[in-house]
Structure formats: C-alpha cells, structure tokens
Number of protein chains: 2
Amino acid sequence: MATAAGASAGLPPVAPSLIGRGHQEDPLLASLAPSPDAPNPALAAQAALLARPVTEERRMADAIRALAIDAVEQAKSGHPGMPMGMADAATTLFTKFLKFDAADPRWPDRDRFVLSAGHGSMLLYALLNLTGQEGMGIDDIKRFRQLHSPAAGHPEYGEHPGIETTTGPLGQGLANAVGMALAERLLAARFGKSLVDHRTWVIAGDGCLQEGISHEAASLAGHLQLSKLTVLYDDNSITIDGDTALSFTDDTLKRFAAYGWAVRRVDGHDPADLAAAMLWASRSRRPTLLACKTIIGFSAPTKAGTAGSHGSPLGPTEAAAAKSALGWNHPPFEVPDGLRAQWEAAGRRSAGTRRSWLKRLTRHPQREEFERAIAGRLPNAWHEALATLRIQTAEQKPKLATRVASQKALEALVPAVPEMVGGSADLTGSNNTNVKGIPAVTPGNFAGRYIHYGVREHGMAAAMNGMALHGGIIPYSGTFLVFADYMRPAIRLAALMRQRVIHVLTHDSIGLGEDGPTHQPVETLAGLRAIPNLCVFRPGDAMETAECWELAVKRADGPTVLALSRQNLAAFRTDTGENRCARGGYVVEEAPGPRQATLIASGSEVGLALAARTALEAEGIATAVVSLPCWELFAAQDASYREQVLGSALRVGIEAATGFGWERWLGPDGVFVGMTGFGASAPAEALFKHFGITAEAVVAAVKKRLG
Amino acid sequence: MATAAGASAGLPPVAPSLIGRGHQEDPLLASLAPSPDAPNPALAAQAALLARPVTEERRMADAIRALAIDAVEQAKSGHPGMPMGMADAATTLFTKFLKFDAADPRWPDRDRFVLSAGHGSMLLYALLNLTGQEGMGIDDIKRFRQLHSPAAGHPEYGEHPGIETTTGPLGQGLANAVGMALAERLLAARFGKSLVDHRTWVIAGDGCLQEGISHEAASLAGHLQLSKLTVLYDDNSITIDGDTALSFTDDTLKRFAAYGWAVRRVDGHDPADLAAAMLWASRSRRPTLLACKTIIGFSAPTKAGTAGSHGSPLGPTEAAAAKSALGWNHPPFEVPDGLRAQWEAAGRRSAGTRRSWLKRLTRHPQREEFERAIAGRLPNAWHEALATLRIQTAEQKPKLATRVASQKALEALVPAVPEMVGGSADLTGSNNTNVKGIPAVTPGNFAGRYIHYGVREHGMAAAMNGMALHGGIIPYSGTFLVFADYMRPAIRLAALMRQRVIHVLTHDSIGLGEDGPTHQPVETLAGLRAIPNLCVFRPGDAMETAECWELAVKRADGPTVLALSRQNLAAFRTDTGENRCARGGYVVEEAPGPRQATLIASGSEVGLALAARTALEAEGIATAVVSLPCWELFAAQDASYREQVLGSALRVGIEAATGFGWERWLGPDGVFVGMTGFGASAPAEALFKHFGITAEAVVAAVKKRLG
C-alpha cells in the first residue's frame, strides 16, 4: 500500500521499486529481470535492521527464512519472499500468542492459523517442522513441491493436520477465517466458554486484499463483530507485477475501519511492536487488522523489497548471500539443536492449557454432544425426522416447488441437527432457507443459527468452508442457482477439501420466468457437474427433495448443491422405503412392455416426462421414465445398473438447461430436449413453450425418431 | 446503510424496519408479510415530503413512478421500489446533466448511464419512453416482462439502443461502468477531447456495494483516477431480506474515500441538493460517490421504506393509494401531454451539442480511424501482421509454450490494431500479455494501452465488458486459466451480450506443475465450454496459437478464451494457407491406410497424440491425429465434415483435464485419457506420468481396446 509506506513506525519508507521488476518465475522472461541500475530503497532499511544485534527472536525467525530459502532452491520453484518477510511476525505469533499444542494439532479449542497468502507455504511448513509436529519432518521439507510430499506448492488441507485450510487462490483463506471465527462464536454460544474459547489468526497479503472476496468477508466480519479474528496484513508493497503502486492505492486501514474493524500499523520486523499489537488485538472488541510493514525477501542482498523475491528461487548466489547477511552459517536444511529446542518449547507452550481443557471436557455435561458435533457424526434423531417427513409427503402428495419442499425438509432437519447453521445471500424468502423458531445471528449475539449473509455469495461460500473446516458446524446456504458462478472458486475449494457444505440453489431454470436470462441458469448445472467431488442434486418433487436432503446431510466427505425449482411441481413419488435418489438415477415408471423409448429427466422436467409418457402410451409407444437427480451418484453405480435404468431403447434427455454433457447418458443416437442458449424474460409457461420444452415436443421428438 | 441513516441532509432518519419484512415475490411466502403492527418510520418522512408543494421536477419524477407502478402491476411481477425511490435523482440526472440525444441513442460521445441495480429496470424503461426514444413505446412498457418485449425483467443489452449494458447480477454494472469510464479516457487520449469527452453515470444499490466486485472495480477506478465516473448510490437502507442493518453496517462513504473517491451525502428526494451534488461531481478530479438517501417505494402508503416494495407488485389498492398520494390521477400508462412534452424536451437537450460534435467529427483528421474503431471494424494492417507471423512460425518451427506464442501473436497484433488494450490481473510476466514498447496506463495518464488490473480478476473481466460495450476498444486480459472461476459471472455476461472481449488464460493444466491442485484447472475447460456463445480455444503449438488469435480478434460477436500452456510445446504445424483452427477441429496427421484409431487432442496433448501415433504406426496400427482446439467452432461445422475428421475407427480423446463433455466426440465406445479428479503438486513431467497422461498410456489404451 504505497500511500502508507512512509507511515510505518521504526522503518524508513519503502519506496516503490521500478516498473519492470516483474515476475521471475520463468527463464523465458529474462526481459523482465530487474534492471541493475534500478535503485532499491528497501535495501537501506534492510541494512539498518541487519546491523542490529541478533536477538533470540531474530534467530528463531531466521530458522524460518533459512528453511524457506533452502526448500525453494532445492525445488527450483516456489515463493521465498513472503516467508522471509513475515518470519518475524510469525515468530511472535507462534511463540507468544497462538494457542496450539504441537502434540495434538487437531485439539478442538486451538487457535486457528490461516495462511491466506498460500503461496508463502514454506512459512507454514517451516513452522510445523520447527515446532516439532509429526508429519512435517525435514525430509518432507526437502521434498517441497514434489509428488506425495505434505509440503505441497500451496498448503493443502489433509496433507498435514496442522494445515487448517487449502489456500492459494487469493482471498479465500481470509474468508475461510471469517467462517472459522464465526463457528467459534456459534459453538461458544452452544457449549460455553469453558470448551470453546479460541482465536483465529490470518496472514494475508496485498493480493488477498485486492480480491473482491476480501470485501465481502471483511464486511461480514465487521458487521457480526467477530472480535476474535485478527488479520496480519503483510504490507510489503509488492505484488507479482511489481510495486503495489502499479495497481493499488487503497488506504487499507481506512477501508477496514469502514467495515467496523480496529486497525493498527505495525513494524513487521520489530518483535516488541508485533507483540504489543497482537496483545492489543487479543483485547479488541472488534475484528482487528494489523498492517505489518515488511520487506519482502528480507535479507536477500539485491532482491529484497522487489517482486524478484516473490515467486522464484533466489538463486544459489543470492541465497547464500542472504543467509550470510543473517549470520546464518549452517548447511542447507540444518537448524542447530538449541534453536530447534527453543522452537519445540514454543510448540509445547499451550500443552498445560490443553490438559486443563481436556479435564474440563471430561466433566462437561455436554461432552458427548460436543464430541459428536466436532467429529461430524449426526445425532440419532436426524434420520427419524426425515423419515416422518417422507411418510407425510407420501400421504399428502403435495404439489410444491422443490424450494418449498426443501423448506419442509429443513423444518424437519434443523431442529433435529443442532449443528446445522443456515443462511442466505439476501434471498431468504426466495430460497426458503429459514425455519420458523430458529433465530438469526445478530452482531455480537451468536445464539442464533441463521446467518443473513447479505448480498455476498462468494464470501458466504468461503465462510461456510471455514465453518465446516472448523468443525462442529454443518453450514447450508441459499442463493439463486445462476449465482453459483459468484461462489464458484469457493465451491471448487470445498470439493478439493471434501468439506460438508450444502448450497440451496433455487430458481433453477427458465422456470423462474420474468427475471430473464441474467437470472436463468442454462449452463450452470453442467458447470457444477463438471467439478470433481461435488454432488449436484436436482430433485423433481417433494419426496425426492427429502431424499436429496438426506443424502446431502449424510455426505460427510464433500459438498452438495441442491438445485431447486421456483415453480410448483406435482408429486410423482409416494413410496417411502429405499432412498431412491441414493443411486443417482432410477426408473420412475417402467414401460408396460419392451421399451420403445426411455425419457430421462431431472427436477421439474420429470413431471413433463411423465406427461409425455402418458401421451406416448396412448399412442401405443411403450415408454419408461427415468429420474436422474444426481449424475455423480449415478455414475458411481455399476454399469449393469446404469444400463438397466437407461435401457437400450431410444433415449430422450429432458432438462430445461443446455445439453452439455448429456451425451454421456444419451449416447450418439439419443435426443435431447432442452435449451440451446440463454433464456428470455417472460412468464415461465410462455418460456417453456417458446423454447420447446413441453410434453408435446417430447412426444413429437420420439415419434419422429421412431418413424 | 444504517449507520448513516441519521446523517442525511434534510431528511429525518430512516430507522430500521423490523426483521421479517421479507421478500414478497411469492404468494407462498405469506408468513413473511410485514406485520401490521410493525412501525414504519419512513412514512413520517414520506408524509413530510408529500406535503410539500408539487414542483415541476416532482411531477416529472412522478411520471416515472406511475409507469413503474403500472408496469409492475400489469406484469404481476417486478421491482417497483427502486424506480419509485430513485425517480427524483434520475430526473435531475436526465434533465440537467446526462449528455444524450434521444434522436440518436448510440451517439458515440454520449454520457453513459448504467443501471447497475438492474432489477429496477422500469426506471430505465420509463426514462427511455418519456424522453421519446424509438423502440420503447407505451405498448412495450405495457408488455413489461413479456416475451419479445424490449422491456425485459432486467435491462438486456441489444433490446434497445439506450440500454448500455445488461444488468441484474449485482455489482456487474458498476464494474462495467468503470470499464466505460476507462475506455472514454483511453479514446480521449487517442482522439482528443474534441471527439471524446463524456461522463459515465451509475445507479447502484446496497446489493451492488455488498458484492465483492464493487471492491475490485471501485479500487481500480480510484487508483486510475477515473474522475468522469459518478455513482449515484441508492442509499435506501433496504435489501430483500429487510433492513440493511440485518447484514450490512459498512460506512460506505469512508470505504470509497479509502479508494481515493470523492464522496458526498445527498438528499435523494431534493432536486436542488441532487443538482448541486451532480454539479460537484462533474467538477471532481476523482471518481465520485453520491450517497442518495432515499425512501424505497416512495409514495406507497404502507410499503414505502420496506422490503415489501422491493421485489413484487404493490397490489391494486396500494398502487392506487400511492398514485393518489402523489396527486397522480391519470389512468394507468397515461402521461399527460404537457408532461410528456417536458420530458421529450429533456431528451432533445443535447441535440445541439451532438450537432456540433458531428461537425467536429466531419473535419477531424482522425475521422475515419475513429469511425472504424467505434464501429468495431479492424484496420487493414491487422491480417497482414498475423500472416507474417505465421510465415515466420512455419520457417522457425519454434518450440514454445503457447503463452509465449501468444505473446508473439500480440507483438504482431497490438501495434497493428490500436484499439487492442491489454492487461493482466497481476500476472503479466506469467501470462505474457504485455508487448514491448506499449506503455502501461498509469493514474491519470491514459496514453498507454496496458492495464495493471491488480489481483482483481472479476473486476477486470467486468471492466473489459464495459470497455467493449463502450466501443472503440478490443480488450484482452490475462490470468491463470483456473482463475476463470473468479471471472465467471462477467464472462457469462460477455457471452450473453455477445461482446468481443478476449481472455488470455495461461497455465492451462497440470502442466503448470508445482503450484498444485489449487492452480491446476481440471474442470475449467468443461465449465467454460458449457457457456453459450463463448469460444474456448486451446491451441497446441505456435501456429495454432496465431490462428486462434486471428479468430479471436475477428470474432466481433462474442467473447473468446485462449487456454494456453505454461510448458514448451513442439511445433507440429508448418502450413500457412487456410486457418485450420477456424473449423474448430481438423486432421493433423492422417493414417497411412484405413484408420484403426483416431487420437483426438487439444493443446499440449496434440504433441502427445503425435508421439503415440508414431509408436502405434511402428506397431502397424493405422492411426490419425485430430487437433480439436475449439469445440464451439467444430460443432458449427456440418455433420459430414465432423464425421470425416473424427472417423469411424476407435476414437481416443486426450486432454489433461477431466473428460466431462468429451462423450460428445468420443461416443459410447470411445476412450478418454485424461484426469479423473484434481491434480497434485509436483514437477509437470512427474504429474503427467502420475496421472497416466502419456504417449505410452495412449498406446496401451488403443492396443487394449483393439485387442
């Protein structure tokens, strides 16, 4: 943040480096190498800092720097600049503030640490290694960025228990952290401070704060007064293209103050200033932003303070000189035993706190419930609640929009599953995501279980990832299906991390009518179905909706989308035994004799297929109808089941969306009745007719094909 | 913005309405209807305003209100609240400030007006109708939200020449406007102030400002000092879920000031205050935000100031009472002749200015060039520049990453096509989007043609849409392919509006290597291919890259994605005649005899397919290789061409991405060699081997299938 460069305490201003000090990732880009004539004013500040006596804190930070330098050199790729710049701040955090126990990185009441600037992954790996955590040995660090190493290019959730979330796509970690801090408050309201009382710390860079998601997340955190959230902003004035002044002149502190955050400037290389700021943050009644003025690539003799240290190895000469400037004269990957012992002591710093917590847990009246929720096991009552709903649905055969059927499922589930926390991106009434009697979370009051996320789809989805990652919460959202696009980067990460988050996406086709093509998903289903590990359900009536909700809640290892209709749909299912949606697709109505045609539909088009079947049967054409609510689950069935369902007769796919991907089920001889492009603004019935998605059109297509 | 409610000049504070005054769109949601007991403090402020003498401005604004009320009633759906609330501000803008001529809504030097809060579309349609613009007659308004009416649910670009952009997905219009304001500055720098000197005005609501894209767009506009951009913020304290205080407590003025904007509060119902503020904005040296405090649904006796007026018809009783409160006693859809005459005079207000401009254009030395650029016709030199490159490429057969080949294409194109304006979301060196000798745009200096967009992918893509819509600019961007997800809502709108924007998306597969699964697109190609009207190219060598660039630049009626490799790829094309990529797919190498297998690949996998072919031929298996750089164009060929290319032998698809959608080309008997899930962090060669995407794997698959 160039406008703030001069205002940092204790450091001379870090002036803009010159344009052209570009990204060095690639040898092909030699033309972008820094000019040898370009002045680099960060170097004077660095020299002053290096001239100071070496303290214990500096030496601990240097261990991070040395490991980052060595690992990136060895991998011949990676991002040394951030770990080198933020090593001092991270050292203060991990040795004095962060509540964690290296012996149990999954201790539920640990502070969460999120490296939102995920490219600086070596900072995190160095900390995990130095604090003595299992599973991140020096051999793992030596294999930084190699196949099967837990030290992946960016922190990957699941590779090590100390990695709280997958980061790299900028801004996501910050928004995850907002969700984690919110989850902490929700669980503290439920289980009390004796079990749940921890903070969330984030390191975020300029890139994170330039991303739009940072606005949504920070605005929401400020609104909700998530006072136990602290962002250490690596205010190093450098992004990949060069000095931040190339593209970024925000007054970030003022911006966050406008969100209701408490903000403070910090000298990012001064342990005393860092500690004072973190203490101040710990006592804040608002979320806190600490803008840590740092020199990226600190200690590198020519590349410090430039984009040249951001995203590529320093090179052997510069690497050696950097270590020499630090007075670090150990062989690569070696940390002296004494220094390791200091770090390992830091890793045990909260061991007593954890033991006390375990004692409190042992005698806590809600112990079992707490452990159940944290482990992600559903309560006993959950299944019965849905079973009752399914019996009622079978009796009543209600003609409901599936979004309303979804509300009924929620009315059964939410009271029975206290870890379900709902919300909507300002479409509560349209998404039918709220349940009577469930209060909303309000600023500073977390006794509720419904979040008014505001018009912040992306922040919502990423905060939900953070809530799921935190544990103890099953978050579900609401918005229109077409706005899945706004959430897509976060949905992708939920799929990559296999987190149980559930998105209730209503208004799932041209059936929404008058709002027109901007609001009508046509390619959205295909776009979501393409994401690995994501289950996309499109139920066709109230019974299927209840079944899909059951599968979504039960699905502990991945995210779910429920695509739901705005318009009413007649019931076609009255059986309550097997959850038929669990196989992804099934025969709703078999043909009376050998099939001449199989109509395969999802959601609102199943009813249309059944109407077409009636007409075809009247003309003597033996027709089966298949409901295909979930491609992912259907694809997971064995081939014989799939063939039996789809049959060998003429296959007709029917979906009020484009046919992208449908060839998988229809084969080369199939027919698709659906959209071929974007929708239009008109009442729904007019649109179905206009775009030829009607029972008549299906009948005509079958008859034409059968000759 | 609840915190600001008390600070608005001249109006009593609009206190929060109660939670539960939810969205009324649907009769099913009766439970969310406002409680009859809920106090509504906006009504007192409204009463005071209605008690004032009716001025000419008020009466003109009332015409907007009446048309909005009537159209929404007639359609039985729509959003009356915003037009009723912002009618006064719009009247001041259209009668005193906006430079436009109703006789020529496409006059290039008109001010741009963007209704970012697109749900309030009736505001725009009323203005188009009242100012006497052709193509928005009262019969069109009567058919608001009906099939084929230009008065669609949300403003749709192309439905009327006075609609500058398609809006509805919140925040997009604001970001489009940033692009329009930037385009104006770029063209002014190129053609001078005598031809290009206009402002961009936006109406945006709370929803627009909650969206993350508003951060990216406003931060960029502040950075670049786009002083001719003014946002009228409809600060009505209401979103769909109810009072903004439910989810939103930003100090928006402070936030925009932090971006470098000039900000001011305005009484949104006081024509004098509005005019003073717009005058002030017109003279600002920074972009301006005017926070217009308004009462949503102004004049509605019970629903004003509540979410109840936001998204559904007032209902006949409330509608009649609202008109009565205004003293508007004309039949539905009728506007008295005198009032119409006043409005039509406003529509002619700048006719003289336009005539003067036309005279200046006639004698302007750059007239032809200006007209050519505005019309979107390419300069004569463009094709030759690429033809020369293709000849060189054929001679040199360079082994290049396609991102580097793309840079070479840009080095040929950008000097020849002065309307091409490039940029990158902070990955200039990686995306290879900059061209030597082309200066960057810097704050307040628009002589450059390269934009450092910062880490703002979404804002970049939406600003590019605005630049294309403005006319005279062909924008191209750069980021990593996987981050297309961050831009997806804007890419969708480019496709819907058929705008020529070009996205250079590099690092297009696991071939990017160590950065790992967060950065490796696997489903991204499928997700993009699913978007109607979007051309996705994935060229396989330098020649194909040049051909795809030719097609992208020539494509005047839609957006293009170029998916490009990080890693070097051997040349396989040396012919320079026909642009073979123009057919989307073609045979690179035919089998020597009747085909036994056809290997179908794109991008980096074409080379792999050729290697596999060599091995297969050595074993006597007659194999053809097909390059499939663009599905959209291939699908547009006639069936006989497609069959000829794909052949009837075993089809093997090869792409370092998931196979979603590939069944279209492979049929039920085909084989796909590619990814089945997310990638991993390791050097590229290790990954291709790990995931089994190798020539050996292809050979094995073919041999296994052929027995």
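What counts, and where the lines are drawn
Residues numbered from 1 in each chain as written. Chains lettered and ligands numbered in written order. Predicted model: local features only at pLDDT ≥ 70, side-chain atom pairs only at ≥ 80, totals over all residues. Heavy atoms only, no water. UniProt positions renumbered as here; feature names shortened; annotations may be inferred. Patch = residues over 30% accessible without salt bridge, like charges linked within 9 Å, V, L, I, M, F, W, Y side chains within 5 Å. Areas by Shrake-Rupley, 256 points an atom, 1.4 Å probe, with all protein chains shown as cover. Salt bridge = Lys/Arg side-chain N within 4 Å of Asp/Glu carboxyl O. Lys, Arg positive; Asp, Glu negative; His and termini not counted. Charge placed at Lys NZ, Arg CZ, Asp CG, Glu CD. Helix = DSSP H or I, 4+ residues; strand = E, 2+ residues; numbered from the N terminus. Buried < 20%, exposed > 50% of the residue type's maximum accessible area, 1.4 Å probe, protein only. Pairing = 2+ DSSP bridges. Axes fitted to C-alpha atoms, helices over the stretch in contact; angles between N-to-C directions. Least-squares fit on C-alpha atoms with pLDDT ≥ 70 in both. Contact = heavy atoms within 4.5 Å. Buried area = accessible area lost by both parts, 1.4 Å probe. Nonpolar A, V, L, I, M, F, W, Y, C, P; charged D, E, K, R; others polar. Expected span 1.5 Å × (residues − 1). Phe/Tyr/Trp six-rings, centres within 6.5 Å; stacked < 30°, edge-to-face > 60°. Polar contact = N/O pair within 3.5 Å; in protein donor to acceptor, adjacent residues only side chain to side chain. Core = buried A, V, L, I, M, F, W, Y, C linked by side-chain atoms within 4.5 Å.

Taking an unreviewed UniProt entry as the reference, chain A is identified by name as Transketolase belonging to Siccirubricoccus deserti. Entered under Sequence similarities (unreviewed entry) in the UniProt record, the comment concerning chain A runs "Belongs to the transketolase family." Recorded in UniProt for chain A, the comment headed Catalytic activity (unreviewed entry) runs: "D-sedoheptulose 7-phosphate + D-glyceraldehyde 3-phosphate = aldehydo-D-ribose 5-phosphate + D-xylulose 5-phosphate".

A surface patch of like charges, here positive, comprises K254 and R286 of chain A together with K254 and R286 of chain B. Looking at where R286 of chain B falls in the secondary structure, it is placed in the loop between α10 (271-282) and β7 (288-293). Judged by its relative accessible area of 41%, R286 of chain B falls in the partly exposed class.

What follows concerns the sheet that holds strand β9 (residues 420-424) of chain B. All names here are of chain B. Read from one edge of the open sheet, six strands run β10-β9-β11-β12-β14-β13, paired in parallel fashion. Because the sheet does not close on itself, it has two edges, and the strands there are β10 (450-452) and β13 (535-537). Taken over all neighbouring pairs, the strand axes of this sheet differ in orientation by 20° on average, direction set aside. Summarising the sheet, β13 and strand β14 (residues 560-563) pair through three bridges and their orientation is parallel. Directly across from F537, in β14, lies its bridge partner L562.

The next thing to look at is the relation of the copies chain B and chain A. What connects the two chain copies is a rotation about an axis and a shift along it. Once chain B has been moved 0.0 Å along the axis and rotated by 180°, it coincides with chain A to within an RMSD of 0.0 Å. Expressed as a symmetry operation, the mapping of one chain copy onto the other fits a two-fold axis. The share of interface residues of chain B whose copies in chain A are also at the interface is 100%, consistent with both copies meeting through the same surface.

Residues and elements named next belong to chain A. Assignment of secondary structure puts R580 in the loop between β15 (568-569) and β16 (586-589). Overall, the relative accessible area of 23% leaves R580 in the partly exposed class. As a C-alpha pair, R580 and C548 span 32 residues in sequence and 9.3 Å in three-dimensional space. In contact with R580, other than residues within four places in its own chain, are E547, R573, D575, Y586 and V587.

A word on the pattern of salt bridges. If you walk through the whole model with that rule in mind, you get 70 salt bridges over all chains. For K228 of chain A, the salt bridge identified is with D197 of chain A, shortest N-O distance 2.5 Å. Taken together, the positions of K228 of chain A in the loop between α8 (212-224) and β3 (229-235) and D197 of chain A in the loop between α6 (172-191) and β2 (200-205) put the pair 31 residues apart, joining distant regions of the chain. Here R372 of chain B makes a salt bridge to E369 of chain B, at a shortest N to O gap of 2.8 Å. Note that R372 of chain B and E369 of chain B are positioned in helix α14 (residues 367-375) at a spacing of three residues, about one turn of the helix.

Before going further, it helps to spend a moment on the UniProt feature "binding site: substrate" (unreviewed entry) in chain A. All names here are of chain A. Mapped onto the present numbering, the UniProt feature "binding site: substrate" (unreviewed entry) falls at H79, H310, R403, S430, H507, D515, H519 and R566. The largest pairwise C-alpha distance within this set of annotated residues, which runs over 488 residues, is 48.4 Å, so the set is dispersed in three dimensions. Looking at where H507 falls in the secondary structure, it is placed in the loop between β12 (502-506) and α20 (524-529). Accessibility expressed as a relative area gives 1% for H507, which makes it buried. If you trace the backbone, D515 turns up in the loop between β12 and α20.

So, on to the UniProt feature "binding site: Mg(2+)" (unreviewed entry) in chain A. Residue and element names in this part refer to chain A. Look at the UniProt record and you will see "binding site: Mg(2+)" (unreviewed entry) annotated at D206, N236 and I238. A compact arrangement is adopted by the annotated residues: their sequence extent is 33 residues, whereas the largest C-alpha distance between any two is 7.8 Å. In this structure D206 comes out as buried when scored by relative accessible area, which is 3%. Within the element layout of this structure, I238 appears in strand β4 (residues 238-239).

Turning our eyes to something else, we now look at the interface of chain B and chain A. With 110 residues of chain B at the interface, the matching set in chain A holds 110 residues. Taken over both partners, the interface formed by chain B and chain A buries close to 9100 Å², and the fraction arising from carbon and sulfur atoms is 58%. For the pair chain B and chain A, the number of links is eight salt bridges. The salt bridge involving D485 of chain A is made with R488 of chain B; its shortest N-O contact spans 3.0 Å. For the side of chain B that touches chain A, the per-class residue count stands at 43 nonpolar, 41 polar and 26 charged.

On to helix α18 (residues 457-470) of chain A. Residues and elements named next belong to chain A. With 14 residues, α18 should reach 20 Å at 1.5 Å per residue; the first-to-last C-alpha distance of 20 Å fits that figure. The element α18 is largely enclosed, with a buried count of 14 among its 14 residues. Looking one or two residues beyond α18, the residue adopting positive phi is G471, at roughly 95°.

As a further point, take the packing of aromatic side chains. What characterises a pair of aromatic rings is the spacing of the ring centres plus the angle enclosed by the ring planes. Within this structure, the stated rule accounts for 37 aromatic pairs over all chains. Both rings, one in F94 of chain A and one in F113 of chain A, keep their centres 5.1 Å apart while their planes meet at 85°; by these two values the pair is edge-to-face. Pair noted here: F94 of chain A is in helix α3 (residues 81-97) and F113 of chain A is in strand β1 (residues 112-115), with a separation of 19 residues, a long-range link. For the pair formed by F94 of chain A and F113 of chain A, the shared burial category is buried. Ring geometry for Y125 of chain B and F144 of chain B: centres 6.1 Å apart, planes at 70°, overall edge-to-face. With Y125 of chain B in helix α4 (residues 121-130) and F144 of chain B in the loop between α5 (138-142) and α6 (172-191), this residue pair connects regions lying 19 residues apart in the sequence. Given the relative accessible area of 0%, Y125 of chain B is considered buried.

Further remarks concern the sheet that holds strand β20 (residues 671-675) of chain A. Residue and element names in this part refer to chain A. Strands sit in the order β16-β18-β17-β19-β20 across an open sheet of five strands; the sheet is mixed. Whereas interior strands pair on both sides, the edge strands pair on one side only; in this sheet they are β16 and β20. Each neighbouring strand pair of the sheet contributes to a mean axis angle of 25°, computed without reference to strand direction. Taken together, the three bridges between β16 and strand β18 (residues 623-627) define a ladder with antiparallel strand orientation.

The next point concerns the side chain of Q499 of chain B. Residue and element names in this part refer to chain B. One can find Q499 in the loop between α19 (484-497) and β12 (502-506). A polar contact of 3.1 Å, which involves the side chain of Q499, links it to the backbone oxygen of M497. Not counting residues up to four positions away in its chain, the partners in contact with Q499 are Y157, A468, L469, A494, G558 and P559.

For the rest of this paragraph, the subject is the nonpolar core. W549 of chain A together with W549 of chain B are the most contacted members of the largest nonpolar core, which totals 314 residues. Apart from residues no more than four positions distant in its own chain, W549 of chain B is found in contact with L386, S406, A409, L410, L413, M420, Y476, I502, V504 and L562 of chain B. In this structure, A68, W201, V266 and W328 of chain B belong to the second largest nonpolar core, which totals 68 residues.

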